[in-house]
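# Close look at the chain arrangement
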Amino acid sequence: MSTLDEILKKIEQAKNIVILTHENPDGDAMGSSLALYQALVKMDKDVELIVPKYSRVFTCLPKIEEVKQEGSKSEYDLAIAVDTASIKQLDGWSKYFEDAKSRIVIDHHSSNAMFGDVNYVDMSSPACAQVMYVLFRYYEWEINHDVGTCLMAGIITDTGGFQYAGVSKETFEIASSLLVEGVDIAKIYKKLLSTNTRSSFELRKIALDRMEFLEDGKIAYTYINKKDEKKVKAETGDHEGIVNEGRNIEGVEVSIFLHEIDDGYKVSLRSNEYVNVSDVCLMFGGGGHFRAAGVTMQGTPKQIREKLVGEIKRQLK
Ligand code: AMP
Ligand code: MN
Ligand code: MN
């Protein structure tokens, strides 16, 4: 039986299902999980999508009001993790995954730990939402306007608006077919990629002011801490995208951005061409993709910067 058939069988056999995605969810995490949620509701499953915290920019997505912060059951027949590379990324709600009778992983990260009983991971896909689209077509699930909007949100955000590696003819074909369904690509683009909240703008200003260039300008580095966030009254997700500022500067190969969290700093790395930042993050227990990866580290920003630069330097040309 193919992996896709196995997944469908597990879904059909399950009465209640929980959908989970990674902490600090981006547009791909939200879009992929919301699209799957709608398909399972349509199949009359007792389904819950649990996302404890997400940025308010996602309130524009269809069915977002049905997202739960907590599960109503202690054990589900089936748990499905989407856009998630490892159990660690499920943070405080990994229990829903671990305690489920059956577990499925649907993802596109090259560093995926294959932590489900069945894993469908297409590493060549630029977004989990594109993987999800393939599932929808294979199962002949209906892609209506709401589902299409969620899938498009995932594809647009994870590809930076069709600009990153992995975008292929297939990606544009999917976009084109969703456009035909009436999905408003321009509106999603504007809402999710080019609108900043006022506090995220203020946070960005602080990070830009603090930016340093290392290794002959090949590395850009900056950080924000809790004090900064308090000052600008930052909300969940307001730091999103700051890491791209460094990457977009001429001559920079790797951009490092640190964001303080309760147990240390969340590191975001982005590269332009040849540095495999997923490998760098794997060295410290994280992971991701070749040109976009993350990890949580302990120490002061300076100590973390030194550790990261030491690893990145080995790959710099
Ligand atoms: P971020 O910098 O948080 O936007 O993450 C960049 C990419 O790396 C995303 O695709 C994340 O899902 C992935 N990623 C971030 N943190 C981790 C981690 N600790 N383990 C595996 N993948 C991660
Ligand atoms: Mn993601
Ligand atoms: Mn993704």
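Since this is a predicted model, take the numbers as computed values, not measurements. (Residues numbered from 1 in each chain as written. Chains lettered and ligands numbered in written order. Predicted model: local features only at pLDDT ≥ 70, side-chain atom pairs only at ≥ 80, totals over all residues. Heavy atoms only, no water.)

### Some remarks on the coordination of the manganese ion (ligand 2)
Coordination of the manganese ion (ligand 2) by the protein involves H22 (NE2), D26 (OD), D26 (OD) and D83 (OD), with metal-donor separations of 2.1 to 2.6 Å. Read in sequence order, the donor residues for the manganese ion (ligand 2) give the motif H-x3-D-x56-D. A gap of 3.5 Å separates the manganese ion (ligand 2) and the manganese ion (ligand 3), which D83 links by coordinating each metal. Residue D26 is found in the loop between β1 (16-21) and α2 (27-42), and its partner D83 is found in the loop between β3 (78-82) and α3 (94-98); the two are separated by 57 residues along the sequence. (Donors = N, O, S within 2.8 Å, 3.2 Å for Na, K, Ca; no water. Helix = DSSP H or I, 4+ residues; strand = E, 2+ residues; numbered from the N terminus.)

### Some words on the packing of helix α5 (residues 145-158) against helix α7 (residues 185-193)
Taken N-terminus to C-terminus, the directions of α5 and α7 make an angle of 55°; their axes are 10 Å apart at the nearest point. Considering the angle they form, α5 stands oblique to α7. Handedness of the crossing formed by α5 with α7: right-handed. Contacts between α5 and α7 involve T149, M152, A153, I156 and T157 on the former and, on the latter, I185, I188, Y189, L192 and L193. (Axes fitted to C-alpha atoms, helices over the stretch in contact; angles between N-to-C directions. Parallel < 35°, antiparallel > 145°, perpendicular 65-115°, else oblique. Left-handed = near helix turned anticlockwise from the far one by under 90°. Contact = heavy atoms within 4.5 Å.)

### Some points on the site of ligand 1
The immediate surroundings of ligand 1 are formed by 14 residues, with H109, K266, S268, R270 and H289 found nearest. G294 has a polar backbone atom sitting 3.4 Å from a nitrogen atom of ligand 1. Here ligand 1 loses 90% of its free accessible area of 480 Å² to cover by the protein chains. Put simply, the parts of the chain that give the shell around ligand 1 at least two residues each are β9 (264-271), β10 (287-288) and β11 (292-297). Among the elements that take part in the shell around ligand 1, β11 stands out by supplying four residues, more than any other. (Near = heavy atom within 4 Å. Polar contact = N/O pair within 3.5 Å; in protein donor to acceptor, adjacent residues only side chain to side chain. Areas by Shrake-Rupley, 256 points an atom, 1.4 Å probe, with all protein chains shown as cover.)

### Here's the deal with the coordination of the manganese ion (ligand 3)
The manganese ion (ligand 3) binds to the protein through D28 (OD), D83 (OD), H108 (NE2) and D158 (OD); the donor distances cover 2.1 to 2.2 Å. Of note, the manganese ion (ligand 3) draws all its donor residues from one chain, in the sequence arrangement D-x54-D-x24-H-x49-D. By relative accessible area, which is 0% here, D28 ends up buried. (Buried < 20%, exposed > 50% of the residue type's maximum accessible area, 1.4 Å probe, protein only.)

### Notes on the packing of aromatic side chains
Taken as a whole, this structure holds seven aromatic pairs when the rule is applied. With centroids separated by 5.2 Å and ring planes inclined at 85°, the aromatic side chains of F136 and W141 adopt a geometry described as edge-to-face. The exposure class of W141 is buried, given its relative accessible area of 12%. Ring centres of Y138 and Y139 lie 5.7 Å apart, and the angle between their planes is 70°; on these two criteria the pair is classed as edge-to-face. The exposure class of Y139 is buried, given its relative accessible area of 10%. An aromatic cluster of three or more residues is present, and its members are F136, Y138, Y139 and W141. Geometry around Y274 places K317 over its ring, the cationic atom sitting 4.4 Å from the centre. (Phe/Tyr/Trp six-rings, centres within 6.5 Å; stacked < 30°, edge-to-face > 60°. Lys NZ or Arg CZ within 6 Å of the ring centre and 35° of its normal.)

### A word on the pattern of salt bridges
With the rule as written, the count across this model stands at 18 salt bridges. Taking the shortest distance from any N to any O, the salt bridge between K226 and D262 comes out at 2.4 Å. Within this pair, whereas K226 is found in helix α9 (residues 226-231), its partner D262 is found in the loop between β8 (254-261) and β9, the two being separated by 36 residues in sequence. According to the relative accessible area criterion, K226 is partly exposed, its value standing at 36%. (Salt bridge = Lys/Arg side-chain N within 4 Å of Asp/Glu carboxyl O.)

### With respect to the sheet that holds β3
The strand order β2-β1-β3-β4-β5 describes an open sheet built from five strands, whose pairing is parallel. Strands with a single pairing partner mark the edges of an open sheet, and in this sheet they are β2 (46-50) and β5 (118-121). Neighbour-to-neighbour, the strand axes of this sheet turn through a mean angle of 15°, independent of strand direction. In the sheet, β1 pairs with β3 via five bridges, with the strands oriented parallel. Along β3, the bridge assignment pairs T21 with V82. Along the sheet, helix α1 (residues 3-13) contacts β1, β3, β4 (102-107) and β5; its crossing angle with β5, the most-contacted strand, is approximately 130°. (Pairing = 2+ DSSP bridges.)

### Considering the side chain of H259
Turning to its location among the elements, H259 is positioned in strand β8. Reaching out from H259, the side chain makes a polar contact with the side chain of E229 at a distance of 3.1 Å. Non-local contacts of H259, meaning those with residues more than four positions away in its chain, are made with I224, E229, H239, G264, Y265 and K266.

### Observations regarding the environment of V57
Mapped onto the fold, V57 is located in the loop between β2 and β3. Judged by its relative accessible area of 27%, V57 is partly exposed. Considering only alpha carbons, one finds V57 and L192, 135 residues apart in sequence, at a separation of 6.7 Å.

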